Amino acid sequence: MSFLKNDDPEVYALIESETHRLGETLDLIAAESLPPHSILEAQGSSFAIKAAEGYPGRRFHAGCVHGDTLESLAIDRAKRLFGAEHANVQPHSGVSANLAVYFSVLKPGDRVLAMKLSHGGHLSHGDRASMTSRCFEFRHYGVNPETERIDYEALETMALEFKPRMIVAGASSYPRLIDYERIADIARKIGAYLLVDMAHIAGLVAAGVIPSPVPHSDFVTFTTYKTLMGGRGGVILCKEEFAKKIDQSIFPGCQGTPALNMVAAKAVCFGRALKPEFVRLQRQIVDNAVAMARRLAGFGYRLVTGGTDNHLVLFEVTGKGLTGDVAEAVLEAVGIVVNRNVVPREGEDPLRPSGVRLGATAISARGMGEEEAGQIAGLIDTALANRDDSVVLKRVAESVSELCRRFPAKGF
Ligand code: DSN
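Residues numbered from 1 in each chain as written. Predicted model: local features only at pLDDT ≥ 70, side-chain atom pairs only at ≥ 80, totals over all residues. Heavy atoms only, no water.

(A) Broad picture of the overall build of the protein chain. Helices and strands together make up the secondary structure of the protein chain, namely 16 helices and 15 strands. Relative to a compact globule of 412 residues, whose C-alpha radius of gyration would be 22 Å, the protein chain shows 21 Å and is just as compact. Dimensions of the protein chain, computed from C-alpha atoms along their principal axes, come out at roughly 65 × 60 × 35 Å. Sequence-distant contacts in the protein chain: of pairs separated by 6 or more residues, those separated by 24 or more amount to 73%. (Helix = DSSP H or I, 4+ residues; strand = E, 2+ residues; numbered from the N terminus. Rg over C-alpha atoms; globule rule 2.2 N^0.38 Å. Contact = heavy atoms within 4.5 Å.)

Pasting the structure below:
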């Protein structure tokens, strides 16, 4: 980055510091990964310059010859990777992708049934704080209070009574598999569309490590930077019959020109995900999450749903006299980066929740296996149990640094 260093030393220094932070800490944020240099190169490439409103062969700007080939390549790879009939690779984010799906087939005020944020859903699934709740009439299903797994019977009862035009499945803090077939049956019964937001688990689905929602859904949205390990951005997959509506809903409906540099990064991401090494890595992510979950349970933490089937672990810290925000701060101070999270319980304050969410994607990208994942769970427990003991915390921080040195963050 010699140009940036000369042109803007202040920003250059911040980038250097952030690169150092990423290398010297353990990233356990479930919504992050450690993308390889090739993804960052594509993001920073000359495609960042190009205005390209429209779609390949149908642009509103000249000079899109290479942009057209690039976008077609990204679309073809996305379709191949997920066995989808149609792909739109232009959404700038997962929220943009969801908005475009809503506005493709719904009218303002239409009813939508989605998973509650506090039970693992997502803001853009009609949470009060999201503009989606102002555009459509959302109602929310949740998990069974005993099992903390989706209550499909209650979902069906709500669907039959509320008669939504669309059902949304998918979550950002649900550690279990989702029965897409069952939700698709419910949607079919009431003539509703089914949208699955698989942002968190897209990498696991691409690798075939967990079941795919694609055959069961009208629309599937996802982001490319979580388990899929690419750059920032969103994608929509849909059945061919909705292709035109989805494309129009993204452009000109919800967005202007696509970010072709991010489309380049998506193409690279899909190309990598089609390789056998990616499948091995995705299996390791689940194995590592399971290893962390088991160790934490052994230390007496209550795991939401009792374990995990995917890349994330959600556990309560209130049993240890802590709240999620305090746990997050204690862990960040020793170099373990996590996020506080609500657990499925009504009335929780999202700023001071009872839980912590962990994800195994970035540590797996660094080459860590179950042994290290278990060791990290041990470091988490030691730090939380000794949060007022600076000597122990220093020892934990040293162990974190040692792990980071043994498993360098080659990804970026
Ligand atoms: N959906 C948010 C999360 O799960 O943290 C970020 O994409």
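Okay, back to it.
(B) Local environment of the packing of aromatic side chains. Overall, the coordinates contain ten aromatic pairs when judged by the stated rule. Relative to F270, the ring of F222 has its centre 6.4 Å away and its plane inclined at 70 degrees; by these criteria the two rings are edge-to-face. A residue pair is termed long-range when its members are at least 10 positions apart, and F222 in strand β9 (residues 219-223) and F270 in helix α11 (residues 260-273) qualify at 48 residues. Comparing F222 with F270, the two get one shared label, buried. Members of the aromatic cluster, joined through ring pairs, are Y102, F103, F136 and F138. For R232, the ring lying beneath its charged end belongs to Y225, and the centroid distance is 3.8 Å. Taking the ring centre of Y301 as reference, the NZ or CZ of K320 above it sits at 4.6 Å. (Phe/Tyr/Trp six-rings, centres within 6.5 Å; stacked < 30°, edge-to-face > 60°. Buried < 20%, exposed > 50% of the residue type's maximum accessible area, 1.4 Å probe, protein only. Lys NZ or Arg CZ within 6 Å of the ring centre and 35° of its normal.)

(C) The arrangement of empty space enclosed by the protein in detail. Across all of its chains, the model carries two cavities of 30 Å³ or more by this definition. Lining the largest cavity are 18 residues, with R176, I178, Y180, I201 and N310 positioned closest to its centre. Among the residues making up the lining of the largest cavity, the classes are represented as ten nonpolar, six polar and two charged. Estimates place the volume of the second largest cavity at around 30 Å³. (1 Å grid on protein atoms, 1.4 Å probe; cavity = no way out; pocket = protein on both sides within 12 Å on 5 of 7 lines; lining within 4 Å. Points joined across faces, edges and corners; volume = space filled by probe spheres on them. Nonpolar A, V, L, I, M, F, W, Y, C, P; charged D, E, K, R; others polar.)

(D) Spotlight on the sheet that holds β9. The strand order across the open sheet formed by seven strands is β4-β10-β9-β8-β7-β5-β6, and the pairing between neighbours is mixed. The sheet is open, and its two edges are formed by β4 (86-88) and β6 (137-141), each paired on a single side. Direction aside, neighbouring strands of the sheet carry axes that sit 20 degrees apart on average. Relative to strand β10 (residues 234-238), β4 runs antiparallel, the two sharing three bridges. Along β10, the bridge assignment pairs H86 with C238. Helix α10 (residues 243-254) rests against β4, β9 and β10 of the sheet, and its axis sits at about 0 degrees to β4. (Pairing = 2+ DSSP bridges. Axes fitted to C-alpha atoms, helices over the stretch in contact; angles between N-to-C directions.)

(E) Layout of the packing of helix α13 (residues 324-333) against helix α15 (residues 370-385). Running from amino to carboxyl end, α13 crosses α15 at an angle of 110 degrees, the nearest separation of the two axes being 10 Å. By the criterion of interaxial angle, the relationship of α13 to α15 is roughly perpendicular. α15 is crossed by α13, and the crossing has right-handed handedness. Between α13 and α15, the contacting residues are A327, V330 and L331 on the first element and I380, A383 and L384 on the second. Residue composition of the contact of α13 with α15, grouped by class: six nonpolar, no polar and no charged. (Parallel < 35°, antiparallel > 145°, perpendicular 65-115°, else oblique. Left-handed = near helix turned anticlockwise from the far one by under 90°.)

(F) Spatial organisation of the site of the ligand. Around the ligand, the neighbouring residues are A31, H122, S172, H200, Y225, K226 and R357. Take H200: an N or O atom from its side chain is 2.6 Å from an oxygen atom of the ligand. Take R357: an N or O atom from its side chain is 2.8 Å from an oxygen atom of the ligand. The pocket occupied by the ligand, as judged from atoms lying within 2 Å of grid points, is the largest pocket. Across the shell around the ligand, the residue classes break down as two nonpolar, three polar and two charged. (Near = heavy atom within 4 Å. Polar contact = N/O pair within 3.5 Å; in protein donor to acceptor, adjacent residues only side chain to side chain. Sits in = over half its atoms within 2 Å of the grid points.)

(G) Local environment of the layout of surface pockets. In this model, the largest pocket occupies a volume close to 900 Å³. Forming the boundary of the largest pocket are 35 residues, of which L117, G121, L123, S172 and V342 lie nearest the centre. Looking at the lining of the largest pocket, the elements with two or more residues in it are α5 (94-105) and β14 (339-341). A class-by-class count of the residues in the lining of the largest pocket yields eleven nonpolar, 14 polar and ten charged.

(H) Broad picture of the environment of K394. Assignment of secondary structure puts K394 in helix α16 (residues 390-406). Through-space distance from the C-alpha of K394 to that of A383 is 9.3 Å; in sequence the pair is eleven residues apart.

(I) Quick peek at the pattern of salt bridges. A full pass over the atoms with the stated rule returns 16 salt bridges. Residue R165 pairs with D110 through a salt bridge whose shortest N-O separation is 3.7 Å. With R165 in the loop between α7 (152-162) and β7 (166-169) and D110 in the loop between α5 and β5 (111-115), this pair connects stretches of sequence that are 55 residues apart. With relative accessibility at 33%, the residue R165 sits in the partly exposed group. R340 is the partner of E328 in a salt bridge, and the nearest nitrogen-oxygen pair spans 3.1 Å. Here the residue E328 occupies a position in helix α13, and R340 occupies one in strand β14, the gap between them amounting to twelve residues. Among the residues examined, E328 registers a relative accessible area of 16% and is labelled buried. (Salt bridge = Lys/Arg side-chain N within 4 Å of Asp/Glu carboxyl O.)

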